[in-house]
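The primary structure of each chain is shown beneath.
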Amino acid sequence: MASGFTIRNAAVLGAGVMGAQIAAHLTNAGVRTRLFELPDDGPDPSASSRKAIKQLVRLEPSPLATPGRANQIVPCNYRTDLEQLMDCDLVIEAIAERMDWKAELYATVEPHLKPDCRLVSNTSGLSIQRLAEALPAPRRAFFCGMHFFNPPRYMPLVELVPAQETDPALLDDLEAFLLTRLGKSVVRAKDTANFIANRIGVFSMMITVHHAEAFGIAFDTVDALTGPVIGRPKSATFRTADVVGLDTLAHVVRGSAEMLPEDPWNACYRLPDWLNGLIERGALGQKTRIGVYRKSGKEIQVLDLALADYRISNPQVAPEVQEILAGRDLISRFSALRASEHPQAKFLWAIHRDVFHYAAVMLGEIADNARDLDLAVRWGFGWKQGPFEIWQHAGWRTIANAIGDDIAQGQALSDTPLPDWVAQVDGVHQPDGSWSASGQCLVPRPEMPVYKRQLFPERVFGEAPDNVGQTLFENEGMRLWTLDDRIGIVSFKSKLNAVSDAVLDGVLSAVDHAESHLDALVIWQTKGPFSVGADLSAIVPLLEAGEFHAFEAVVRKFQRTTTRLRDTSVPVVAAAQGLALGGGCEFLMYCDHVVAALETYVGLVEVGVGLLPAGGGCAALAQRAAAKAVDGDIFRQLKPGFETVAMGKVAKSAFEAQDMGLLRRSDTVILNPNELLHVALHWARALAESGYRPPLGSAVPVAGRTGIANLQTMLVNMKAGGFISEHDYEIGERIAAVLCGGDVDAGTEVDEAWLLGLERQAFVALARTEQTQARIAHMLKTGKPLRN
């Protein structure tokens, strides 16, 4: 960071759900972190903090990049450990939402902070200015709100909220830190109740509850209508309430009602009687295993207000509404919703109309511009588009007129008119920027240096499109393109970036082109995931026809492609995020360097379809085990790799992939996926300019038949215990034979071609079996593995 701002040591005050997980994510980012909690009376005054740290390991999804990182968080308490604050560069307060408690805590810790320590509050909606006033005057320049969303590792949004005396440079420094070090997406919010995302998101949830009751729509049907079908998360409305906790939701809603007495929609912040009744009975949602939904055996049941009891969840979306929602053109969709007399259509129009209305009225008060509001809702609540994007996409003036008509006819929830600016613009997002209601102008994107690292930032609808680069070569499976004429970028075009025959042909052609015309190659997907592996649908016809020679030729081409990536005369760098499974993982294993986002989930999962890795994955693991076996004990290094492949394990982070040997320790892990291409291009350029030379092949000592026998013993025990089937055993035996180099003496040196040949033979042999063909067919039909 240009200012020299560095955060080496941090502390989190409060070891509750948010505080402990924020501490975990700081540790994921390599920041030395202390977690403070109130002192205990027993022999260990930091027992509560220590317990919270241990609990992190048991949470799913895990807040820790690897379980061992919990040991790097230092448990502290306010009685004996205040001196631990003295070298902290950042202190994050994350205690309960009580102004008096926070002020008291600030008085306790502030004397122990160094003068330039940044003190921030994770409050979700209390006044930042009032909190700042509880601090000594010199500290106020170094104080602001820093609101994370739960769970902090996975939810991208952080809202930065200044107080009146906050130093603007502090905000710039913290924004850069949050973006690059913590991998977050930052929106600057005004100091208003609930800030931006919660102000819109909680309002949206409450009007959905209101209109569901008004139109008599069952809770499970509401969730079917308000989930992915309208671009919102699968948990939709009432499932989200259960996950958040009905008591937590009630606390937020009551707090909103108290903090927003002048809000024209204040009456919407009213808890319905049925919700209060659930809370009184202790039915709080997921944490109590009963709320709006409950699970009875294998059945998912939902509360039915008409029955005053639970019934099997069975959403009933009307066919005419399904037909409307199936259309992708939002102009037509909203026109049809407004024209329909069906209660479900009226419900959908009402929940959109009211959130559009609310966002327009509140824009100038809560956000600098419409882009910030839309991105805050996308990043904080998981919407595919923010409210203004949807409105603009559906026809700005048409929707504005419809809202105006509903206000005039008393159908909207508030008679507050739309602001005058709504009629003065033709959409809030334009190529030159996004509308600022407070400034009455278009505001361009921020130009801070840190944003230059995001070559393709997340855009809003209506914004200027990105530079798509110059295409050098393209086929139906991939595109080779460049931003600077020197480094080629390979991007797949297949569904989920599966490795098809066209992808293999294209990558081989891209390597040929690079050797003649480019300095380096980067494999980066314009849309995630990195790759889900081989395109199984393309090989099924070969299996059904019994064309196993052609089938083997496909496997051979895959191996030729991955090894060509490694052996080419120019460096090849992969930039990965999301799933990198099967063949996708093998592509990573054969690149010279991998830049992986923290949320990269890597695995050799072929066993799930009755196969083994045969794109070089087994050979690479055997080579890596041999290289690690400096003491000659190849089997000890090979055993974890066998377990990874035979059990189809998938790393839950890029750091865990390094621990599993699927990524190298020398590979780079970054936390912000939007910076992947920037970092990968720098790596490729550095390798090219340092006189890159492809690696020389060498003999590989293998574990041989002794290693195979040891692994077979493991498999026998697993089969005897009922953990694996007969076919699983056969797959495991073949994996063991390939990894150990076949029927040779332990310590025998073989070459890579030998290992690749064993891979092909085993892969084709398994593909001939009825059980494997059944697994492949089941996966293609259901998307789930078959155990047979």
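First, a word on what this report is: a plain description of the structure on this page. (Residues numbered from 1 in each chain as written. Predicted model: local features only at pLDDT ≥ 70, side-chain atom pairs only at ≥ 80, totals over all residues. Heavy atoms only, no water.)

Describing the sheet that holds strand β9 (residues 293-296)
In space, the 3 strands of this open sheet follow the order β9-β10-β11, with antiparallel pairing throughout. Each end of this open sheet is capped by a strand with a single partner; those strands are β9 and β11 (309-312). The average angle at which neighbouring strand axes cross in this sheet is 40 degrees, direction not considered. By the bridge criterion, 4 bridges tie strand β10 (residues 299-304) to β11 in an arrangement that is antiparallel. By the bridge assignment for β11, V302 is matched with R311. (Pairing = 2+ DSSP bridges. Helix = DSSP H or I, 4+ residues; strand = E, 2+ residues; numbered from the N terminus. Axes fitted to C-alpha atoms, helices over the stretch in contact; angles between N-to-C directions.)

Quick notes on the packing of helix α7 (residues 197-215) against helix α14 (residues 343-366)
As a packed pair, α7 and α14 sit with axes 9 Å apart at the nearest point and diverge in direction by 150 degrees. The orientation of α7 relative to α14 falls into the category roughly antiparallel. Our pair here, α7 against α14, has a crossing hand that is right-handed. In terms of residue class, the contact of α7 with α14 is built from 14 nonpolar, 3 polar and 5 charged. (Parallel < 35°, antiparallel > 145°, perpendicular 65-115°, else oblique. Left-handed = near helix turned anticlockwise from the far one by under 90°. Nonpolar A, V, L, I, M, F, W, Y, C, P; charged D, E, K, R; others polar.)

Brief notes about the pairing of strand β8 (residues 185-188)
Inspection of the sheet shows strand β7 (residues 157-162) paired to β8 by 4 bridges, in the parallel sense. Paired with L160 across the two strands is R188, which belongs to β8. Crossover β7 to β8 through helix α6 (residues 168-181) is right-handed. (Right-handed = clockwise from strand over helix to strand, strands pointing away.)

Let's talk about the sheet that holds strand β21 (residues 668-670)
Sheet architecture is open: 7 strands sit in the order β15-β16-β17-β18-β19-β20-β21, paired in mixed fashion. Every other strand in the sheet has two partners, leaving β15 (470-474) and β21 as the edge strands with one partner each. Averaged over neighbouring strand pairs, the angle between their axes works out to 30 degrees when direction is ignored. Inspection of the sheet shows strand β16 (residues 478-482) paired to strand β17 (residues 487-492) by 5 bridges, in the antiparallel sense.

Description of the packing of aromatic side chains
One pass over the structure, following the stated rule, counts 24 aromatic pairs. Aromatic side chains F203 and W265 sit 6.1 Å apart centroid to centroid with 80 degrees between the ring planes, which places their arrangement in the edge-to-face category. You can see F203 sitting in helix α7 and its partner W265 sitting in the loop between α10 (246-259) and α11 (273-280), a full 62 residues away along the chain. Neither F203 nor W265 differs from the other in exposure class; each is buried. A centroid spacing of 5.5 Å and a plane angle of 10 degrees characterise the contact between F551 and F763, whose relative ring orientation is stacked. Remark: F763 occurs in helix α29 (residues 752-767) and F551 occurs in helix α21 (residues 548-567); sequence separation between them is 212 residues. Since its relative accessible area comes to 1%, F551 is described here as buried. Grouped by ring-pair contacts, the aromatic residues F334, W349, F356, F388, W391, W396, W421 and W435 constitute a single cluster. (Phe/Tyr/Trp six-rings, centres within 6.5 Å; stacked < 30°, edge-to-face > 60°. Buried < 20%, exposed > 50% of the residue type's maximum accessible area, 1.4 Å probe, protein only.)

Some words on the pairing of strand β4 (residues 90-93)
Burial along β4 is two-sided: L90 and I92 and V91 and E93, pointing in opposite directions, are all buried. Alignment of β4 against strand β5 (residues 118-121), held across 4 bridges, turns out to be parallel. Note on β5: the bridge partner recorded for E93 is S121.

Re unusual backbone geometry
A cis geometry characterises the amide bond from E60 onward to P61, with omega recorded as -5 degrees. Along the chain, P61 turns up in the loop between α2 (47-58) and β3 (73-77). Here the bond from N150 into P151 is cis, since omega is 0 degrees, no more than 30 degrees from zero. Topologically, P151 is positioned in the loop between β6 (143-148) and β7. Here the phi dihedral of F195 falls at roughly 60 degrees; this positive angle occurs in a residue that is not glycine.

Thoughts on the state of the cysteines
Counted according to the given criterion, the structure contains 0 disulfides. Unpaired in terms of disulfides, C76 finds its nearest cysteine sulfur in C88, a separation of 8.3 Å. Left unpaired, C585 is separated from the closest cysteine sulfur, that of C618, by 11 Å. Accessibility expressed as a relative area gives 0% for C585, which makes it buried. (Disulfide = S-S within 2.5 Å.)

Regarding the pattern of salt bridges
For the structure on display, the rule yields 48 salt bridges. Residue D89 pairs with K114 through a salt bridge whose shortest N-O separation is 2.6 Å. Of this pair, D89 sits in the loop between β3 and β4 while K114 is found in the loop between α3 (99-109) and β5, placing the two residues 25 residues apart along the sequence. Salt-bridge contacts for E389 lead to R378; the nearest nitrogen and oxygen are separated by 2.9 Å. Here R378 lies in helix α15 (residues 370-381) and E389 lies in helix α16 (residues 387-393), a separation of 11 residues in the sequence. For the pair E389 and R378, one class covers both residues: buried. In the salt-bridge network here, residues are joined through shared partners; they are R445, R459, E463 and D466. (Salt bridge = Lys/Arg side-chain N within 4 Å of Asp/Glu carboxyl O.)

Things to note about the nonpolar core
Ranked by internal contacts, the top residues of the largest apolar core, which has 134 residues, are M146 and F587. Element by element, the count of residues in this core is highest for α29, at 8 residues. In terms of nonpolar packing, the next biggest core, distinct from the first, is built from 113 residues, Y269, V292, I351 and A360 among them. (Core = buried A, V, L, I, M, F, W, Y, C linked by side-chain atoms within 4.5 Å.)

Overview of the packing of helix α23 (residues 617-628) against helix α24 (residues 634-646)
The description of two packed helices rests on the angle between their axes and on the distance between the axes. Put simply, α23 and α24 touch, their axes get as near as 8 Å, and they point 155 degrees apart. Relative to α24, α23 is oriented roughly antiparallel. The chirality of how α23 crosses α24 is right-handed. Across the interface between the two elements, L621, A622, A625 and K628 from α23 touch Q637, L638, G641 and V645 from α24. For the contact of α23 with α24, the per-class residue count stands at 5 nonpolar, 2 polar and 1 charged. (Contact = heavy atoms within 4.5 Å.)

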